[in-house]
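The primary structure of each chain is shown beneath.
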Amino acid sequence: GFKQVGEWLREGQCPDCSKKELFTHARTPRVVKCGRINKCGFESHVKELFEDLYKDWSKTYVRTATNPNAAADAYLKEGRGLNIDKVKGSYTQDTYFKNELKIGSATVRFTLPNDGWWERLIDQAERFPRKANIKYGYNVKGQWWYHPANPNLKEIKQIWITEGILDAMALAEHGLATASSISCTNFPSEALFDLKSQYNAIRHTLPTLVWAYDNDTAGQTGIKKAIEQATKMGFTCLAAQPPYDKHRKLDWNDLHEMGRLTPSDLADYRYYGDLLIAKSPMESAIIRYMHTKRASFYFEYNYRTYWFELDTAKLAKLIEVESHE
């Protein structure tokens, strides 16, 4: 029911509220949204609405001698909205076959250190017990996938570390240096040791590590453990978290496709990370106050509910007294 208006498709029927307020971009229709932001707020990626268009990549994009990575390239560009120019040479198109089920799929396979690899199934992946496979080469545990387009080490002040490679790729498109630990349970100790050695050779200040695992119990536990271990190695650590969504779990790649990785958005996600790793109720309250500027509010910390209230009048008097001293 869309009507094209310039570069936009408008007046589509919203699947949630049924109002003719749905819109999307005509040339690159990745995300559809309802214009009734406060009363409805529906938002969805087109691949969730039209799954059949995003299932058989190797049939639609047939590999050839001149383009052996045709389906893998298309999956990353069209299915994930990523710029493959920055990662050319770090992945290949491969195949996976499940003997017991007698089914197979093309895969996007990324190279890991020490002859290891990680691959994502791209042809009707829901048919398989899992959508990704990993081969740990000799001593791959403790390593990471380091984005090949990261700046020179002398220029890097922060490295955002995600669980998934595709999430690291998504964040990198917004000016961040990134790496993927492949799993929230794989602490990249060897990679960090090598990084520390390289930095000691060129400068004294190590980069800050921003642990940006998934917003679930496993990811949050992984962040806290990783920060504890990395801090012992001499790194300054921060955290970041994707926003909570009651309808579905959002990852960094989702947010990239939805246009929600602006500098302002990233500041919010860092705020969520700060709350996650706050060491006390008071620290959590101060973080909330500094971010929201609200003088009173209730909040939860470690499964308990607290009330915070700042007496601004007393604070003003205190500041006035100290200024005179």
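Please refer to the structure higher up on the page.
Residues numbered from 1 in each chain as written. Predicted model: local features only at pLDDT ≥ 70, side-chain atom pairs only at ≥ 80, totals over all residues. Heavy atoms only, no water.

Asks: What should I look at first to understand the overall build of the protein chain in this one?
Replies: The helix and strand inventory of the protein chain stands at ten helices and 16 strands. With respect to the three principal axes, the spread of C-alpha positions in the protein chain is 80 × 60 × 40 Å. Long-range pairs, those at least 24 residues apart, make up 46% of the contacts in the protein chain with a sequence separation of at least 6. On the protein chain, roughly 18,500 Å² of surface is accessible, and the fraction owed to carbon and sulfur atoms is 50%. Here the protein chain contributes 45 positive and 41 negative side-chain charges, whose respective centroids are spaced 2 Å apart. (Helix = DSSP H or I, 4+ residues; strand = E, 2+ residues; numbered from the N terminus. Contact = heavy atoms within 4.5 Å. Areas by Shrake-Rupley, 256 points an atom, 1.4 Å probe, with all protein chains shown as cover. Lys, Arg positive; Asp, Glu negative; His and termini not counted. Charge placed at Lys NZ, Arg CZ, Asp CG, Glu CD.)

Asks: What is the right way to read a nonpolar patch on the surface from this model?
Replies: Taken together, Met282, Ile286 and Met290 make up a surface patch of nonpolar side chains, about 310 Å² in accessible area. Considering the arrangement of structural elements, one finds Met282 in helix H9 (residues 281-292). On the accessibility criterion, Met282 (53% relative accessible area) is exposed. (Patch = residues over 30% accessible without salt bridge, like charges linked within 9 Å, V, L, I, M, F, W, Y side chains within 5 Å. Salt bridge = Lys/Arg side-chain N within 4 Å of Asp/Glu carboxyl O. Buried < 20%, exposed > 50% of the residue type's maximum accessible area, 1.4 Å probe, protein only.)

Asks: What should I look at first to understand helix H8 (residues 263-277) in this one?
Replies: Two residues of an α-helix separated by three or four positions point the same way, owing to the 3.6 residues in each turn. Given a rise of 1.5 Å per residue, 15 residues ought to cover 21 Å, and the 21 Å separating the end C-alpha atoms of H8 matches this to within 8%. What H8 keeps buried is the set Asp265, Leu266, Tyr269, Arg270, Tyr271, Gly273, Leu275 and Leu276. (Expected span 1.5 Å × (residues − 1).)

Asks: Which parts of the structure should I look at to understand the pairing of strand E13 (residues 208-211)?
Replies: Regular strands place their side chains on alternate faces of the sheet. Here E13 shows no split at all, with Thr208 and Val210 on one side and Leu209 and Trp211 on the other all buried. For E13 and strand E14 (residues 237-239), the ladder comprises three bridges, and the chain directions are parallel. Pairing of Val210 across the sheet is with Leu238, part of E14. Read as a crossover between parallel neighbours, the route from E13 over helix H6 (residues 217-232) to E14 is right-handed. (Pairing = 2+ DSSP bridges. Right-handed = clockwise from strand over helix to strand, strands pointing away.)

Asks: Even after reading the chapter, I still don't get the packing of aromatic side chains, so can you show me in this structure?
Replies: Aromatic rings considered in pairs are described by the distance between their centres and by the relative angle of their planes. Across all of its chains, the model carries 18 aromatic pairs by this definition. For the ring pair Tyr91 and Phe110, a centre distance of 5.6 Å and an interplane angle of 45 degrees mean the geometry is tilted. In this pair, Tyr91 sits in strand E6 (residues 91-98) while Phe110 sits in strand E7 (residues 103-112), placing the two residues 19 residues apart along the sequence. For the pair Trp160 and Trp252, a centre-to-centre distance of 6.1 Å together with 80 degrees between the ring planes defines the contact as edge-to-face. Residue Trp160 is found in strand E11 (residues 158-162), and its partner Trp252 is found in helix H7 (residues 252-257); the two are separated by 92 residues along the sequence. Classification of Trp252 by relative accessible area gives buried; the value is 0%. Taken together through their ring pairs, the aromatic side chains of Trp160, Trp252, Tyr269, Tyr271 and Tyr272 make up a single cluster. Positioned above the aromatic ring of Phe23, the side-chain terminus of Arg10 is 5.7 Å from the ring centre. Taking NZ or CZ as reference, Arg109 lies 3.7 Å from the ring centre of Trp117, over its face. (Phe/Tyr/Trp six-rings, centres within 6.5 Å; stacked < 30°, edge-to-face > 60°. Lys NZ or Arg CZ within 6 Å of the ring centre and 35° of its normal.)

In short, the description is geometric, and any link to function would need to be established separately.
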